[in-house]
Structures are given as structure tokens and as C-alpha cells.
Amino acid sequence: MRAAVIALLVAVMAAGAAYAADISKEQVHLTKADQAAAKRAVAVRSDLGSGTWAGGFAEPDLSASAACADFRPKQNDLVVTGAAETDWTDQGLQLDTQAAILKTPAMVAADWRRTILAHGAVPCLRSRLLKSLGKVTFVSFRRVEFAPVATNVQAFVMLVDVKTNTGKVRVAVEFVAVAQRRTELTIVSVVQNAVQKVVGQIDVQVATALVARAT
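1. Quick notes on the pairing of strand β3 (residues 79-90)
Right, on to step 1. Here β3 lies mainly inside the structure; 10 of its 12 residues are buried.
Right, on to step 2. Here 2 bridges tie strand β1 (residues 27-28) to β3, and the two strands are oriented parallel to one another. Its bridge partner lying in β3, V28 is registered against V80.
Right, on to step 3. Taken together, the 5 bridges between strand β2 (residues 54-58) and β3 define a ladder with antiparallel strand orientation. Across the sheet, G56 pairs through a bridge with D87, a residue of β3.
Right, on to step 4. Two strands pair when backbone bridges link them, and β3 and strand β4 (residues 93-102) are joined in this way by 10 bridges, in the antiparallel orientation. Residue pairing across strands places A84 opposite A99, the latter belonging to β4.
Right, on to step 5. Here β3 folds back onto β4 in antiparallel fashion, the turn holding 2 residues, of which Q91 has a positive phi close to 50°.

2. Side note on the packing of aromatic side chains
Right, on to step 1. With the rule as written, the count across this model stands at 1 aromatic pair.
Right, on to step 2. Ring geometry for F141 versus F156: centroids 5.7 Å apart, planes at 5°, classification stacked. Here F156 lies in strand β6 (residues 152-164) and F141 lies in strand β5 (residues 137-144), a separation of 15 residues in the sequence. Comparing F141 with F156, the two get one shared label, buried.

Thresholds applied
- Residues numbered from 1 in each chain as written.
- Predicted model: local features only at pLDDT ≥ 70, side-chain atom pairs only at ≥ 80, totals over all residues.
- Heavy atoms only, no water.
- Buried < 20%, exposed > 50% of the residue type's maximum accessible area, 1.4 Å probe, protein only.
- Helix = DSSP H or I, 4+ residues; strand = E, 2+ residues; numbered from the N terminus.
- Pairing = 2+ DSSP bridges.
- Phe/Tyr/Trp six-rings, centres within 6.5 Å; stacked < 30°, edge-to-face > 60°.

As C-alpha cells, then:
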């Protein structure tokens, strides 16, 4: 059972990262200052509280695309100047956080309208996450309330059933997007659904810490 769930976690992390870092058509001009700012805006061990957390910084995929066949938001007028990612695990929970710094607050506002609020954005996220999971049974996908850690916050939870050698396991994937001044943040957590509410509280704590450090 554990092997099957871990395989699912890896697939979801890849999908979440691709959606969060949809900068394949954005201009990428990284600067030393904004790279440092991005690294400050992702989760570090001290943000996670107690537990046997393992992980740390990962290389963000700057070539990933979130486009779907019928959803291709304009991106080529946006400039990414900083990007960072961390990936953490703790006894069946996987938590991925990413930060992208854009050149101006206006670019972040435009990107938010195009890739989060636009018609087609949510169905695209759902279909891409589900497609990445492979052989799972879709249960539900819904927008959920999230703490108002910033002016722009959206959160979604997908439930899927995973077939294992010992039976069926229901897994919850929470995807949180935050826009704060020049910083775009994403938090993706994957865990068995039985403890998703507890993990949701961890996501809020992490988001609060990240926003506080964001540019």
C-alpha cells in the first residue's frame, strides 16, 4: 500500500509543480536579488513544526507548461526574475512549495486574472492533475475555503481512490495558489484523506509564514 501511495504522491507533485510554474511562455530573466527573495518565500524546516520531515530545496522546472487544449493563457508579456521550490515529506505526507517572483506587481495581477480566475483555468487544473495520476479513480474536485493569508488566495482539493495490494486508499491533494505583490506562491500537499483536515491546517500555517516573507 505504501509503495502505491508514494508513487501517486510523486505524480501529483510533478503535476502541481507544472501548473504552479507555468512559465514556458514567460520571459525568464533571473536576478541574484530575486532568486534570494524566492528562496526566502518557500517552506524551510522551521516552518513545518514537529515531525520527522525530510527534504529541502529542489530545482524548479522553468520549462513546465500548464496549458490545456482549450486553455492557453497569454504569458509572453510576463517576466520571471526569481524562482525556488522545496519538497518535504513526513510519514506519508508530501508538501511542495514554490515561489515565482515577477518583475512588477502588475504582472502578478495580470497572471492571476489569466491563470487562476479566467474561465477554463480550474477545469484545466483538474484535468491535468487527474491525467498525471495514471490509474486512479476520480472521486471529486472542489474549491475550498482557505484562510485569508493574502488578498489573492485560491484553494482546491481533489480526492482520488488508489488501488493497492491490500485494498483501496483515498488520497487528498490540496492545491493552494497565493499572489502577494511581486510573488506568486503555490502549496501542494498530498496525504491520505483521513487526515486531510489536519494537513489543511499545516498548509495554512505554512502559507502564513511564506506570505510574511514574500517580496
